[in-house]
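Chain residues, written in single-letter form:
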Amino acid sequence: MCRFLAYRGEPIFLDELVCAPAHSLVHQSLHATEAKTETNGDGFGIGWYGERSEPGIYREVRPAWSDENLRSLCEQVRSGLFFAHVRASTGTSTTRANCHPFTHGPYLFMHNGQIGGYGRIKRRLEALIPDDLYDRRLGTTDSEAIFLVALANGLAEEPVTAMARTLKTVRGLMDEAGIEEALRFTAAFTDGESLWAYRWACDGMPPTLYFREYNSNLLVVSEPIDDKTNGWREVPKGCSLIAHAGCGVSVQCLNETMAQLAA
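These numbers come from a predicted model, not from an experiment.

Visitor: Whenever I open this one, the overall build of the chain confuses me. Can you help?
Guide: For the chain, the helix and strand inventory stands at eight helices and 13 strands. The globule rule puts the C-alpha radius of gyration for 263 residues at 18 Å, and the 17 Å found for the chain is close to it. Within the span of the chain, comprising 263 residues, buried residues form 54% of the whole. Long-range pairs, those at least 24 residues apart, make up 64% of the contacts in the chain with a sequence separation of at least 6.

Laid out in structure tokens, this is it:
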């Protein structure tokens, strides 16, 4: 399983969250405490928004703890909305194209989790990606496939409904293939202004996801980057965290949305 961090608020230098804290994301790349694997060394990536509508990204296959360029960039780049991710592969190759976050136009997406038995439904899942989006299929991960299918399902217009529809579809493909392994999913998505985070699993055991609000800033993490008692709250299982620009944070139940789709 991977670890990630998403920030929206007053512009700050990325290193203040990615590198500096005692349990920073860089530290978690080697010493995660709430993941299946302690080490997340199969590449990393950062994505940030500056003065242009589309985000900049930097992705690399080296472990985050050993890449001096990552630290240098984070010390120089200042942003009010950015994603950072350290990867632990669940079976696909370690390449730049498989490192998160993924981007399409003004959108950023990153994921922690796994489609159980992904190899058995990969071709059918990719068939759901329309031609105009398939050109963006640069890697081989289940994460990127979910992102592109979700975009086809209306992620840009209805981020919660589209993701619920996508997860329901993926689970349906797994059932048809007789896959008993779980679909576990935490993720973050942004359009450059608002931020959505998701925590869901078909077996009720999704990966960890926390958030903290402070001084009108929002931080979403796979695991706290400092003292766990320092204002961190767990995103409820089966729910989405929604943070629209200029508004407070709200929580919407993914399970209820999926049930409505089934009705």
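Visitor: Please clarify how the packing of aromatic side chains should be interpreted in this entry.
Guide: Where two aromatic rings form a pair, the distance of their centres and the angle of their planes describe that pair. According to the stated counting rule, one finds six aromatic pairs in the structure shown. Ring centres of Phe 189 and Trp 196 lie 5.7 Å apart, and the angle between their planes is 35 degrees; on these two criteria the pair is classed as tilted. One exposure class covers both Phe 189 and Trp 196, and it is buried. Here the aromatic residues Tyr 107, Phe 189 and Trp 196 are joined through ring pairs into a cluster of three or more. Just above the ring of Phe 13 sits the side chain of Arg 78; from NZ or CZ to the centre is 5.3 Å.

Visitor: Honestly, the sheet that holds strand β13 (residues 249–253) in this entry has me stumped. Any pointers?
Guide: Each strand in a sheet pairs with another by means of backbone hydrogen bonds, the pair being arranged parallel or else antiparallel. The strand order β5-β6-β7-β8-β12-β13 describes an open sheet built from six strands, whose pairing is antiparallel. Each edge of the open sheet carries a strand with a single partner, namely β5 (102–104) and β13. Between one strand axis and the next, the sheet turns by 15 degrees as a mean value, whatever way the strands run. Pairing between strand β12 (residues 239–243) and β13: five bridges, direction antiparallel. Paired with Ile 242 across the strands is Ser 250, a residue of β13. Across the sheet, helix α6 (residues 142–152) lies against β5, β6 (107–115) and β7 (183–190), angled at about 125 degrees from β6, the strand it touches most. Strand contacts of helix α7 (residues 159–176): β6, β7, β8 (195–201), β12 and β13, with the helix running at about 155 degrees to β7, the strand carrying the most contacts.

Visitor: What is the right way to look at the pattern of salt bridges in this model?
Guide: Two side chains with opposite charge may pair up if their charged atoms get near one another. Per the counting criterion, the structure on display carries 12 salt bridges. Measuring nitrogen to oxygen at the nearest pair gives 3.0 Å for the salt bridge that ties Arg 96 to Glu 60. Linking Arg 96 in the loop between β4 (78–86) and β5 with Glu 60 in strand β3 (residues 56–60), this pair joins segments that are 36 residues apart in sequence. Judged by its relative accessible area of 12%, Glu 60 is buried. Between Arg 137 and Glu 144 there is a salt bridge, with the nearest N and O atoms lying 3.0 Å from each other. A residue is classified by how much of its surface remains accessible, and Arg 137, at 9% relative accessible area, is buried. Residue classification places Glu 144 among the buried positions, given a relative accessible area of 4%. Three or more residues are tied together by salt bridges with common partners; here these are Arg 62, Asp 67 and Glu 68.

Parameters at a glance
Sequence order sets the numbering: in each chain, residues are counted from 1 along the sequence as written. Per-residue local features of the predicted model are confined to residues with pLDDT of at least 70, and side-chain atom pairs are confined, for both listing and counting, to 80 or more; whole-chain, interface and lining totals are unaffected and use all residues. Only hydrogens and water are set aside; all other atoms, that is, all heavy atoms of the structure, feed into the side-chain values. Working definition: helices are DSSP H or I runs of at least four residues, strands are E runs of at least two. Numbering for both runs from the N terminus. Computation of the radius of gyration draws on C-alpha atoms, with the globule rule given as 2.2 Å multiplied by the number of residues to the power 0.38. Relative accessibility under 20% of the residue-type maximum defines a buried residue, over 50% an exposed one, and the middle range a partly exposed one, all with a 1.4 Å probe and only protein chains included. Every residue pair with non-hydrogen atoms within 4.5 Å of one another is taken to be in contact. Two rings from Phe, Tyr or Trp (for Trp, the six-membered ring) form a pair when their centres sit within 6.5 Å of each other. Planes less than 30 degrees apart are called stacked, planes more than 60 degrees apart edge-to-face, and all others tilted. Distance and angle both matter: a charge sits over a ring if NZ of Lys or CZ of Arg is within 6 Å of the ring centre and within 35 degrees of the ring normal. Any two strands between which DSSP finds at least two bridges are classified as paired. Lines fitted to C-alpha atoms define the axes here, with helix axes fitted over just the stretch in contact, and angles between the N-to-C directions of these axes take values from 0 to 180 degrees. Here, a salt bridge means any Lys or Arg side-chain nitrogen found within 4 Å of an Asp or Glu carboxyl oxygen.

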